[in-house]
Each structure stands twice: as structure tokens, then as C-alpha cells.
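Spelled out from the first residue to the last, the chains are:
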Amino acid sequence: MRYPFLRLDRSVLGCSKELEQAASRVIKSGRYLHGPETEGFEQELAELCGGGYAVGVSNGLDALRLIFRAYIESGHLQKGDEIIVPANTYIASILPLMEFGLTPVLVEPDNDDFCLDFGLADKFMGSRTKGVLLVHLYGNPCWNREIITRWKDAGMLIIEDNAQAIAAEAAQDGLHGSRMTGLLGDAAAFSFYPTKNLGGLGDGGAVLTCDKELAMTIKALANYGSDYRYHNIYCGYNCRLDEIQAAFLRVRLRCLSEDTERRRMVAETYSESIYNEAVKTPKIFEDRRQVWHQYPIHTIEPSIRQTLRNYLSDNGIGTDIHYATPPHLQPCMKNLHHKPLPLTESLAEREISLPIANITPDDARIISQYINKFH
Ligand SMILES: *Cc1c(COP(=O)(O)O)cnc(C)c1O
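Quick look at the structure, then. (Residues numbered from 1 in each chain as written. Predicted model: local features only at pLDDT ≥ 70, side-chain atom pairs only at ≥ 80, totals over all residues. Heavy atoms only, no water.)

Check the secondary structure of the protein chain and you find 13 helices and twelve strands. Over its C-alpha atoms the protein chain spans a radius of gyration of 21 Å, differing by no more than 12% from the 21 Å that the globule rule assigns to 375 residues. In terms of overall dimensions, the protein chain has a C-alpha envelope of 65 × 55 × 40 Å along the principal axes. Looking at the protein chain residue by residue over its 375 residues, the buried ones come to 56%. Excluding contacts between residues fewer than 6 apart, the proportion of contacts in the protein chain whose partners are at least 24 apart in sequence is 72%. If you sum the accessible surface of the protein chain, you get close to 16,500 Å²; carbon and sulfur atoms cover 50% of it. Of the side-chain charges in the protein chain, 39 are positive and 48 negative, and the distance between the mean point of each set is 3 Å. (Helix = DSSP H or I, 4+ residues; strand = E, 2+ residues; numbered from the N terminus. Rg over C-alpha atoms; globule rule 2.2 N^0.38 Å. Buried < 20%, exposed > 50% of the residue type's maximum accessible area, 1.4 Å probe, protein only. Contact = heavy atoms within 4.5 Å. Areas by Shrake-Rupley, 256 points an atom, 1.4 Å probe, with all protein chains shown as cover. Lys, Arg positive; Asp, Glu negative; His and termini not counted. Charge placed at Lys NZ, Arg CZ, Asp CG, Glu CD.)

This is the structure we're talking about:
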């Protein structure tokens, strides 16, 4: 493959010296959990997003689980409450709801930014709705200040799944003044899975919130439910972030802004250069900062997706699909009630993710020419 879809080693090797130094620092320190690397990383993450309290945790799914569990502990949520969630998300957004007996209300996405359709979500609000899980899919900030402020006034919890959108910025201020995703609503989950925009060398995640009490609860829940040594106020979990992973993430955090700029230039180049009418390119929004975790194109017809992928592959261009099967069609969700979701299903049948993680704008121009020549 001349342009593989993803080569994690290429992303990592750019800072291998610093990663080796970080590993060596942790090895020599004798502290492998609960140490200065995790603390330092938490501070740096909060700084990047414009404030709040960050808690480093084991992965993105656990970050979401901890948020929902903490709101159950504080009495804000209980079994049977409805949570609005976009139907086209990755299944990890929905799993914690199932675990805690919360009811996911699946809502179709917006056809331009693939995030929640706010107008539609507004109509799904009922007396049992207690929260909204915003998913900044593909690195698109999902925010509508006017509608969300109204939801907030009605008592809704506004939770962000920021696994794909670290350092993205919404067009309008969030609830706490910052426009950065991760600090828009009440609490946010981050993932540092190796393929994410800020990827570790293994699993990692974080919760960010302006609510100090919530942050303390989550910190305790992630450490067996212990608020101080050998004192357990919750029946908690073990969801901690390793010191060595935190040290790696601090190294990679230093390259994030440069890497995000590169992703944005690659996306712009694709959108300017691709004109084949068999595909629709994603919209570039001038008023927000998209961070392009993926660059998703959609074929007009589902039937040509595989032909186009094969053609690109034959020409040395790797692609992927995000996601081929939406959560409500997964076997584990067969008992889930939902309204018909034709747009979610149609998007899932037509999506192709083009390479973005390891390429330059010049590469994007060449890949675009191949797409334009496809018929
Ligand atoms: C990756 C991802 C998660 C889960 O994060 P992990 O660290 O893999 O557990 C959750 N939600 C979305 C939208 C994701 O992309």
C-alpha cells in the first residue's frame, strides 16, 4: 500500500526518542500508578481544554461508565431514566447506558455534520428524559447553544463523548464559557486508544468536568470506590491510568496541535479536490474547529461503495468504514426499542473513511485524483 489507511508506528516513531525518555523516567521512578505523570497529564489536559478538573482513567468506555455511575451515586440519574444519544455513534457510547439500566433514546444524526439532529432530539424529550449524550463524531464539535441551554434549564445533564474530538471547538460558548469540546457540558469522556487523535501506546482515557464534587466521586469510583486509603464509600472499580501511559500521553500531547493542523489541511485539500459526483465529501464549517478524527465520504449509492474501495485499494490507497453496522443493528441490542432510523442505516451503508492519520496535503491531492477518475 502506498497510502495505508493507518500506520500507527509512523505516528509514534516521530517522537520515539521522547517516548523512550518518558518510559525510562517512569521505570526509574518506582511509581507506576498514582504518581506525578498522571497528575501532570491531568493538569495539561485541563489546560488544553480551558479549565476544569481532569481525572485520568483506564479507557474511554470506562470514562463514560464512571460519569454515569457517578450521576447515579449522586441521585441525578436512576434506572429507567432516558438518555438521548445519536443513533450513528460507536457502540461504546451506548454500552454504559445498558449496563446501568438507563434507556438510550436513539436519535438520527444531522446529514451535514453527522452529529445529533438537535431539532429532532428536541421532539424526543419527554418526562423521563434526564440527559443528553453528545458525540463529537469524526472530530466534529456537536453543539447548539440555544437548544442546549433550554435543555439545561429543564434539568437535563449534558454529557460529551469526546473520544474523537480532543481540541475541537464549537461555534458558540459552552455552558462554562469555553468553546472547546470536553468542556462544553457537565462532564466529558476522552479516549486515548492508540488510533485516536491523542493516542497512547495502549489503553487510556479521562473524564473532564467543571464540577469538583463529580471529579472527586469519579476519582474514588475509579479506585475501588475509595476516597482515602482503606476507606470505601462506593462499591467501585479499578479504572486507573498507568503512570507509563500518562507519561507517553504527555509526550504525544506536545505534538497534538501540529498534528491537528495537518489533519485540518488534509481535510481541506480533500474537500477542495474531490469533485466526483458519485461521492459526497463532508462539509467544512468555517465557524467551528473540526479536528478530523476521520475524513468520511459517502457514496451516493450503497452499491458502489465496495467497488470504489476495491478500486482505491488496487491503486495503493487503504480505506476503512466507520461504522458498517450501527449499534441498534448489533445482536446485543436486539431488545432495544427505537423509532425507524433510515438516515443512520443509509449513512452506514455508504460511508468510506479516507486516509488522514499519516498523510500530507500533497498525498490527499493525489488520492483525490484517483477518486475523481473513478467511474
Ligand atoms: C473510541 C471511542 C470510545 C471508546 O473509547 P475506548 O478508549 O476505546 O474505550 C467511545 N466513544 C467513541 C465515540 C469512540 O470513538
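That covers the picture; the talk isn't over yet.
The tally for this structure, following the rule as stated, stands at three cavities of 30 Å³ or more. Considered as a void within the structure, the largest cavity measures approximately 110 Å³ in volume. Together, 13 residues line the largest cavity, and Asn88, Tyr138, His322, Tyr323 and Ala348 are the ones closest to its centre. With three residues, helix α12 (residues 342-350) is the largest single contributor of residues to the lining of the largest cavity. Classifying every residue of the lining of the largest cavity by side-chain character gives seven nonpolar, five polar and one charged. (1 Å grid on protein atoms, 1.4 Å probe; cavity = no way out; pocket = protein on both sides within 12 Å on 5 of 7 lines; lining within 4 Å. Points joined across faces, edges and corners; volume = space filled by probe spheres on them. Nonpolar A, V, L, I, M, F, W, Y, C, P; charged D, E, K, R; others polar.)

Here the focus is the sheet that holds strand β5 (residues 157-161). What the seven strands build is an open sheet, ordered β1-β7-β6-β5-β4-β2-β3; its pairing is mixed. Of all the strands in the sheet, the pair left with one neighbour each is β1 (53-57) and β3 (103-107). On average, each strand axis in the sheet is inclined to that of its neighbour by 20°, with strand direction left out of account. With five bridges joining them, β1 and strand β7 (residues 205-209) adopt antiparallel strand pairing. Of the residues in β7, the one forming a bridge with Val55 is Val207. Relative to β5, helix α7 (residues 145-153) is tilted by about 130°, and along the sheet it contacts β4 (129-135) and β5. Contacting β1, β6 (187-191) and β7, helix α8 (residues 212-221) crosses the sheet at an angle of about 15° to β1. (Pairing = 2+ DSSP bridges. Axes fitted to C-alpha atoms, helices over the stretch in contact; angles between N-to-C directions.)

For the rest of this paragraph, the subject is the packing of aromatic side chains. Here the structure, examined in full by the defined rule, presents eight aromatic pairs. Measuring from centroid to centroid gives 5.3 Å for Phe41 and Phe192, while their planes differ by 80°, and the two rings are edge-to-face. With Phe41 in helix α3 (residues 36-49) and Phe192 in the loop between β6 and β7, this residue pair connects regions lying 151 residues apart in the sequence. Chaining the aromatic ring pairs together yields one cluster made of Phe41, Phe190 and Phe192. The ring of Tyr237 carries Arg65 above its face, with NZ or CZ at 4.7 Å from the centroid. (Phe/Tyr/Trp six-rings, centres within 6.5 Å; stacked < 30°, edge-to-face > 60°. Lys NZ or Arg CZ within 6 Å of the ring centre and 35° of its normal.)

All right, on to the site of the ligand then. Around the ligand there are 13 residues in total, and Gly60, Asp161, Gln164, Ser191 and Lys196 lie nearest to it. A distance of 2.9 Å separates an oxygen atom of the ligand from a polar atom in the backbone of Leu61. Within the contact set of the ligand, an oxygen atom lies 2.7 Å away from a side-chain nitrogen or oxygen of Ser191. In isolation the ligand offers 380 Å² of accessible surface; the protein chains occlude 91% of this area. Judged by its atoms lying within 2 Å of the grid points, the ligand is housed in the second largest pocket. Here the shell around the ligand is built from residues that sort into six nonpolar, five polar and two charged. (Near = heavy atom within 4 Å. Polar contact = N/O pair within 3.5 Å; in protein donor to acceptor, adjacent residues only side chain to side chain. Sits in = over half its atoms within 2 Å of the grid points.)

So, on to the sheet that holds strand β11 (residues 295-299). Read from one edge to the other, the open sheet built from three strands follows the order β10-β11-β12, with strand pairing classed as antiparallel. Looking at which strands have only one partner, the edges of the open sheet turn out to be β10 (279-280) and β12 (351-354). In this structure, β10 lies alongside β11, joined through two bridges in antiparallel fashion. What sits directly across from Val279, in β11, is Thr299.

Take helix α4 (residues 60-73) next. In this model α4 runs 20 Å from its N-terminal to its C-terminal C-alpha over 14 residues, within 8% of the 20 Å that 1.5 Å per residue would give. Summarising burial for α4: eleven of the 14 residues are buried, a large majority. Among the residues of α4, the N-terminal cap falls to Asn59, whose side-chain oxygen and the backbone nitrogen of Leu61 are separated by 3.1 Å. Taken from the residues just after α4, Gly75 is the one with a positive phi, measuring 85°. (Expected span 1.5 Å × (residues − 1).)

What follows covers the packing of α4 against α8. Two numbers describe how α4 lies on α8: the axes approach to 9 Å, and their chain directions differ by 115°. Between α4 and α8, the angle is such that the two are roughly perpendicular. Helix-helix and strand crossings are classified by hand; for α4 and α8 the assignment is right-handed. Across from Leu66, Ile67, Arg69, Ala70 and Tyr71 in α4, the residues of α8 making contact are Leu214, Thr217, Ile218 and Leu221. The residue inventory of the contact of α4 with α8, partitioned by class, reads seven nonpolar, one polar and one charged. (Parallel < 35°, antiparallel > 145°, perpendicular 65-115°, else oblique. Left-handed = near helix turned anticlockwise from the far one by under 90°.)

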